[in-house]
Amino acid sequence: MAFKEFKGPPEDYKQPEKLIVFQCSQIGVSGTTPVMVRQSGPEFEARMGFALFGSAQMSDAEFEACGFNPFHDDFHDNYVRGIGASQEAAIAALKVELDQLSESIWR
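If you're wondering where the values come from, they're calculated on a predicted model, not measured in any experiment.

What follows covers the overall build of the protein. In terms of helices and strands, the protein carries 2 helices and 4 strands. Ordered by position from N to C terminus, the α and β elements of the protein give β-β-β-α-β-α. Of all 107 residues assigned to the protein, the portion counted as buried reaches 25%. Put simply, 53% of the contacts in the protein that link residues at least 6 apart link residues at least 24 apart. When the accessible surface of the protein is summed, it comes to about 8,300 Å², and 53% of that surface belongs to carbon and sulfur atoms.

Below, the structure written as structure tokens:
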């Protein structure tokens with residue numbers, strides 16, 4: 001196998017004005033639904049559907065039929081949840097759960 005020497009970008013190459021770097025904090029876990037919050041009595045519960053390594057249990061049609069709502073009766077996919085005394089506390093608890101889930105994949 002022959003290798004060519006790299007001499008740099010072509011002369012008409014223009015440097016991008018801005019470089020955007022995306023950082024993934026939960027490698028292997030991706031959201032399939034938005035974070036939804038529901039209040040039940042004095043407690044708030046936040047839920048978010050997720051896929052492990054891009055694999056979900058529900059089809060796109062099933063997600064659409066549920067309105068991408070992890071509280072829907074017909075939702076049967078993976079989700080993380082957080083419970084708190086306020087909407088913000090429930091979302092913060094959900095983030096902790098999501099971080100723990102992500103970390104458990106790589107242990």
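On to a nonpolar patch on the surface, then. On the surface, I27, L52, F53 and W106 cluster together into a nonpolar patch covering about 450 Å² of accessible area. Summarising the element assignment, I27 is placed in the segment before β1 (29-31).

Turning to the pairing of strand β2 (residues 36-40), a few remarks are in order. Looking at chain direction, β2 and strand β3 (residues 43-52) are connected through 5 bridges and run antiparallel. Within the sheet, the bridge partner assigned to R38 lies in β3 and is E45. Adjacent in sequence and paired antiparallel, β2 and β3 are bridged by 2 residues, among which G41 carries a positive phi angle near 65 degrees.

In total, this model carries 3 salt bridges according to the counting rule given. Linking R47 and E45 is a salt bridge whose minimum nitrogen-to-oxygen distance equals 2.8 Å. The exposure class assigned to R47 is buried, which follows from its relative accessible area of 14%. In this structure, R81 engages E45 in a salt bridge whose closest nitrogen and oxygen atoms are separated by 3.0 Å. Of this pair, R81 sits in strand β4 (residues 79-84) while E45 is found in strand β3, placing the two residues 36 residues apart along the sequence. Accessibility expressed as a relative area gives 40% for R81, which makes it partly exposed. Connected through salt bridges with shared partners, the residues R38, E45, R47 and R81 form a single ionic network.

Rules behind the numbers
- Going along each chain's sequence as written, the residues are numbered from 1 onward.
- In keeping with the model being predicted, local features are shown solely for residues with a pLDDT of at least 70 and side-chain atom pairs are shown and tallied solely at 80 or more, while totals for entire chains, interfaces and linings include all residues.
- Think of the side-chain values as coming from all heavy atoms in the structure, minus any hydrogens and water.
- The helix and strand labels rest on DSSP assignments: H or I over at least four residues marks a helix, E over at least two residues marks a strand, and numbering proceeds from the N terminus.
- For each residue, the accessible area found with a 1.4 Å probe, counting protein chains only, is set against the maximum for its type, and the residue is called buried under 20%, exposed over 50%, and partly exposed in between.
- By definition in these notes, contact holds between two residues if any of their heavy atoms fall within 4.5 Å.
- Areas reported as accessible are Shrake-Rupley estimates using a 1.4 Å probe. Residue values count occlusion only from the protein chains shown.
- Residues form patches when they are more than 30% accessible in relative terms and have no salt bridge. Like charges link within 9 Å. Nonpolar side chains (Val, Leu, Ile, Met, Phe, Trp, Tyr) link within 5 Å.
- Salt bridge criterion: a side-chain nitrogen from Lys or Arg within 4 Å of a carboxyl oxygen from Asp or Glu.
- Only strands joined by at least two bridges in the DSSP assignment are considered to pair.

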